[in-house]
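Coordinates in review
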Amino acid sequence: MNPPGGSESVGQDTAVIPGEGTPDIYGVVGHPVSHSWSPFIHGMFATSTAQHLVYRRFDITPDDFRHDILQLFAGGVRGLNVTLPHKQAAAELVNELTPRAARAQAVNTIAYFEDTTLLGDNTDGVGLTNDLERNLKLTLEGKRVLILGAGGAVRGVLGPLLEREVREVVIANRTPSKASSLAAEFADLGSISGCAFAELDAGPYDLILNATSASLHGDLPPLPEGLVGDSTVCYDMAYGRGHTPFTAWATAQHAARACKGWGMLVEQAAEAFLLWRGIRPHTQPVLDALAEHG
Ligand SMILES: NC(=O)c1ccc[n+]([C@@H]2O[C@H](COP(=O)([O-])OP(=O)(O)OC[C@H]3O[C@@H](n4cnc5c(N)ncnc54)[C@H](OP(=O)(O)O)[C@@H]3O)[C@@H](O)[C@H]2O)c1
């Protein structure tokens, strides 16, 4: 990682923003986590808002999650972003949940307060809708939305998507029972159903979100023909250089747009930064810097 924008990088996984005294410690926990650009993003946020902090990556396995997270907070860590596969475990670990994290039963941001409260929040949903609506200028109301995957990230985005009064949400997952039970959990918010990839009805859908972690392994879920039409927007929550397997598929299917999850990543991070530091950083400079890498 070689971040531009004034933040100094130390090793591969730490962003230190210079300032007086001992910096506050933050980080991202996941397994794997080496692909995470959060140190770069929070480094730019901290520089632009003059916050003195350190931001690190912590690779922690599911077996060690509870023990190691509690150790980190006992050792002075002030806040953590939580990425796959720990979002549901994080919701069970914290003392308190924000309303949106309680709805999701998944946590992607933990804040430590001096009274030893660990507050769990979920900023994935607002991160996605900010990117779709503000950055990509999409309207969600009345749209047919297909979501691939039924993991922690999907839990966070279902509430905000359904609140936009989309026409319907279909969740397709490798383990179909997870898609069905997630759909049942959110059925009070709108029209939503779950199925296997092979059971998907013919499209086209207006928006297809890839929220599987298949892209991280260079894989694509087995998708039937007919899902993509002339105006379909395909969005991979995964991000990286060049095409992901999903954006390559979307392009081959002649989707109107094929986008990666950089914008969601930056927008969800800005909401986490606001919770931790009380300041909402501007996201455009970070989006511009990442566009050079993506
Ligand atoms: N851009 C952002 O800000 C942002 C935010 C959150 C997440 N994400 C990305 O979203 C993805 C999902 O994250 P998560 O936290 O939801 O992960 P997760 O909780 O581990 O869920 C993973 C999901 O992917 C499915 N899956 C895994 N490998 C697959 C394969 N080879 N083929 C088909 N399906 C497969 C799983 O299906 P089963 O249920 O059958 O196991 C499950 O539905 C990751 O790529 C993550 O990096 C991005």
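Before any of the text, the structure's been laid out above.
These figures come from a predicted structure and were not determined experimentally. (Residues numbered from 1 in each chain as written. Predicted model: local features only at pLDDT ≥ 70, side-chain atom pairs only at ≥ 80, totals over all residues. Heavy atoms only, no water.)

Taken across its seven residues, strand β3 (residues 24-30) has five buried, putting it largely inside the fold. For β3 and strand β4 (residues 53-59), the ladder comprises seven bridges, and the chain directions are parallel. Note on β4: the bridge partner recorded for glycine 30 is aspartate 59. The β-α-β motif built from β3, the intervening helix α1 (residues 38-49) and the parallel element β4 has right-handed crossover chirality. In this structure, β3 lies alongside strand β5 (residues 77-82), joined through five bridges in parallel fashion. Residue pairing in the sheet places isoleucine 25 in a bridge with valine 77 of β5. (Buried < 20%, exposed > 50% of the residue type's maximum accessible area, 1.4 Å probe, protein only. Helix = DSSP H or I, 4+ residues; strand = E, 2+ residues; numbered from the N terminus. Pairing = 2+ DSSP bridges. Right-handed = clockwise from strand over helix to strand, strands pointing away.)

Before going further, it helps to spend a moment on the site of the ligand. Around the ligand, the structure places 25 residues, and the nearest of them are Ala153, Asn173, Thr175, Lys178 and Met237. Threonine 175 places a side-chain nitrogen or oxygen 2.5 Å from an oxygen atom of the ligand. One of the backbone N or O atoms of serine 213 is found 3.0 Å from an oxygen atom in the ligand. More than half of the atoms belonging to the ligand lie within 2 Å of the grid points that define the largest pocket. The element contributing the most residues to the shell around the ligand is helix α9 (residues 262-277), with three residues. Of the residues that constitute the shell around the ligand, the class distribution is eleven nonpolar, nine polar and five charged. (Near = heavy atom within 4 Å. Polar contact = N/O pair within 3.5 Å; in protein donor to acceptor, adjacent residues only side chain to side chain. 1 Å grid on protein atoms, 1.4 Å probe; cavity = no way out; pocket = protein on both sides within 12 Å on 5 of 7 lines; lining within 4 Å. Sits in = over half its atoms within 2 Å of the grid points. Nonpolar A, V, L, I, M, F, W, Y, C, P; charged D, E, K, R; others polar.)

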